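Understanding the architecture of this molecule
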Amino acid sequence: MTKIAVLVSSPIREGLAEAIELGEAPRRDYFELRDMLGAELLCPPREQGRLYRALHKVGGDALAMAVVAWTRRSDFDLILTDQEGSGLLLAMMLKITRSKMSHVMISHYLTPAKKQIAYRTFGAQSHIDCTVCYSTAQEKLGKERLGLTREQVRKILHPADSAFWRPASSHQETLEDDEMLRKAGLILPLDARVICSAGLEFRDYPTLIEAAASLPGSTQIAIAASSPWSKRRNTTEDVKIPANVHVVSLKPLQLRALYRRAQAVVIPLYDVDFQAGSLVAYEAMACAKPVVITRTRGQSDIVQENETGFYVPPGDSGAMAEALNRLLNDPELATTMGQNARTVVEGGLNLNTYLNSMAELVREVAARRPSPQGTLPVRATIEEG
């Protein structure tokens, strides 16, 4: 039987699996892929030994987990790494030791020079059977700048869990959402028109706050300026916050409640060449909300112009205000676009599609170097619902 490991580079919050089971948090791909592939999950230990602490001090969890995976290379036929930090380090260790273990690496952002050097100078791709990118722009970079073949790089979009991120199913749920937001300190007048935004990764909140001055006076803008993984600073700190703009930090259930309360979701971005803002766009669409998003070099795969939302130029507060005003002044248009968005999600832009595609890719890579112990035991697919 083919032995697989799924490496998670960041600590897994204690109680997360239980919260998911209770419907209090969205599913995580690493738990799902572990179960689908019959894999072992490798993640930062809660009780760290002396060696792990020393490695962590030098290079964080990425280095420490790469070393953990390398020391256990003889235990597995294939390893799936969840980001370049650990994945590229592991690839170089496997290369130096001439290991034959198969390796699939998820990539979020290949543009930084140090990551490109790993491929172009040190040949990391010799020990990465496939690099998975989350956007067309990053897949193109892999092919054109890094010289990766179609077999070596693959675009697989990573949408949100549409079973968790969904519209309210009853009036009672709507009342519960309002109560949840009040307890989180976000008090929105019942008759207010609400625009929301969320996330930290390359967010251009100054442009959104500038656009807010051109929206109707009754409009409330709620910004959930937090992220479970981004280390970017909160750019709302760069500007004076108007009275109708609320900056909060919300847990998943509270954020879902905010999406449901909003008439539209706006994602202001600086012009970067990777998929910043994608997760919020996926979540908003799954909650049946139209999306106004900055058209950056890396953001082109999700929103369908005039169908599920609008794109606006980077740094253009006037265009952003115009798009938001269209949705605020035409609730029927906002509702139709939101319904279109949920239809797209249910048609395949969802977490289950991603999981099935990833499992299929792992099977494909595993088949290139078949294990002498047998075939890969995978649950074929999972259904949406």
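Residues numbered from 1 in each chain as written. Predicted model: local features only at pLDDT ≥ 70, side-chain atom pairs only at ≥ 80, totals over all residues. Heavy atoms only, no water.

By the definition in use, this model includes 18 salt bridges. For Asp75, the salt bridge goes to Arg72, with nearest N and O atoms at 2.9 Å. We classify Asp75 as partly exposed; its relative accessible area is 34%. Arg72 gets classed as partly exposed once you look at its relative accessible area, which sits at 25%. Measuring nitrogen to oxygen at the nearest pair gives 3.0 Å for the salt bridge that ties Glu364 to Arg368. Taken together, the residues span about one helical turn, with Glu364 and Arg368 both in helix α13 (residues 351-368) at a distance of four residues. Exposure remark for Glu364: the relative accessible area of 32% places this residue in the partly exposed category. Judged by relative accessible area, which is 28%, Arg368 ranks as partly exposed. A single salt-bridge network, built from bridges that share partners, covers Glu151, Arg154, Glu364 and Arg368. (Salt bridge = Lys/Arg side-chain N within 4 Å of Asp/Glu carboxyl O. Buried < 20%, exposed > 50% of the residue type's maximum accessible area, 1.4 Å probe, protein only. Helix = DSSP H or I, 4+ residues; strand = E, 2+ residues; numbered from the N terminus.)

Moving on to the sheet that holds strand β11 (residues 291-294). Here six strands make up an open sheet; going across it, the order is β9-β8-β7-β10-β11-β12 and the pairing parallel. Two strands bound the open sheet, and with one partner strand each, they are β9 (245-248) and β12 (309-312). For this sheet the average axis-to-axis angle between neighbouring strands, irrespective of direction, equals 20°. As paired elements, β11 and β12 share four bridges and run parallel to each other. When the sheet's bridge partners are listed, Thr294 is paired in β12 with Val312. (Pairing = 2+ DSSP bridges. Axes fitted to C-alpha atoms, helices over the stretch in contact; angles between N-to-C directions.)

Another aspect to go through is the side chain of Asp61. As for its placement among the helices and strands, Asp61 is situated in helix α3 (residues 50-71). A relative accessible area of 15% means that Asp61 is categorised as buried. Sequence-distant contacts of Asp61, that is, excluding residues within four places in its chain, are made with Ser9, Pro11, Pro44, Gln48, Tyr52 and His56. (Contact = heavy atoms within 4.5 Å.)

Moving on: the layout of surface pockets. In this model, the second largest pocket occupies a volume close to 190 Å³. Looking at the second largest pocket, the residues that line it are Ala137, Gln138, Lys140, Leu141, Glu144, Arg145, Asp273 and Arg297. Of the residues belonging to the lining of the second largest pocket, the class tally is two nonpolar, one polar and five charged. (1 Å grid on protein atoms, 1.4 Å probe; cavity = no way out; pocket = protein on both sides within 12 Å on 5 of 7 lines; lining within 4 Å. Points joined across faces, edges and corners; volume = space filled by probe spheres on them. Nonpolar A, V, L, I, M, F, W, Y, C, P; charged D, E, K, R; others polar.)

When the pLDDT values of the protein chain are averaged, the result is 93; 94% of them are 70 or greater. Note on residues 372-378: pLDDT under 50 across the span, and 20 contacts to partners over four residues away in sequence or across chains. (pLDDT = per-residue confidence, 0-100.)

Core analysis: the biggest nonpolar cluster contains 41 residues, and Trp165, Leu255, Leu258, Tyr259, Ile267 and Val291 have the highest contact counts within it. Those elements giving two or more residues to this core turn out to be β7 (193-198), β8 (219-224), α9 (252-261), β10 (264-267), α10 (278-286), β11 and α12 (331-346). The leading source of residues in this core is α10, at six residues. Residues in contact with Val291, not counting those within four places in the same chain, are Val265, Ile267, Ala281, Ala284, Met285, Val303, Thr308, Gly309 and Phe310. Core analysis: the second largest hydrophobic core is formed by 32 residues, Val8, Tyr30, Leu80 and Leu351 among them. (Core = buried A, V, L, I, M, F, W, Y, C linked by side-chain atoms within 4.5 Å.)

With that settled, consider the environment of Phe202. Along the chain, the position of Phe202 falls in the loop between β7 and α8 (205-212). Each C-alpha atom of the pair Phe202 and Ala276 lies 6.6 Å from the other, and the pair is 74 residues apart in sequence.

Turning next to the pairing of strand β3 (residues 78-81). Taking every second residue as pointing to the same face, both faces of β3 are buried, with Leu78 and Leu80 on one and Ile79 and Thr81 on the other. Where strand β1 (residues 4-7) meets β3, four bridges bridge the pair, whose relative direction is parallel. Counted as the bridge partner of Ala5 is Ile79 from β3. In terms of strand pairing, β3 meets strand β4 (residues 102-107) through four bridges, oriented parallel. Directly across from Leu80, in β4, lies its bridge partner Val104. Handedness of the β-α-β unit built from β3, helix α4 (residues 84-96) and β4 comes out right-handed. (Right-handed = clockwise from strand over helix to strand, strands pointing away.)

Across the eight residues of α8, six count as buried, placing the element largely inside the fold. What α8 keeps buried is the set Tyr205, Thr207, Leu208, Ile209, Ala211 and Ala212. For α8, the secondary structure elements touched by its buried residues are β7, β8, β9, β10 and α11 (317-329).

A separate point is the packing of α3 against α4. Relative orientation of the contacting elements α3 and α4 amounts to 40°, with a least axis distance of 8 Å. Regarding the angle of α3 to α4, the classification is oblique. By crossing handedness, the relation of α3 to α4 is classed as right-handed. In this structure, α3 contributes Ala62, Leu63, Ala66, Val67, Ala69 and Trp70 to the contact, and α4 contributes Gly85, Ser86, Leu89, Leu90, Met93 and Leu94. Along the lines of polarity and charge, the residues of the contact of α3 with α4 split into 10 nonpolar, two polar and no charged. (Parallel < 35°, antiparallel > 145°, perpendicular 65-115°, else oblique. Left-handed = near helix turned anticlockwise from the far one by under 90°.)

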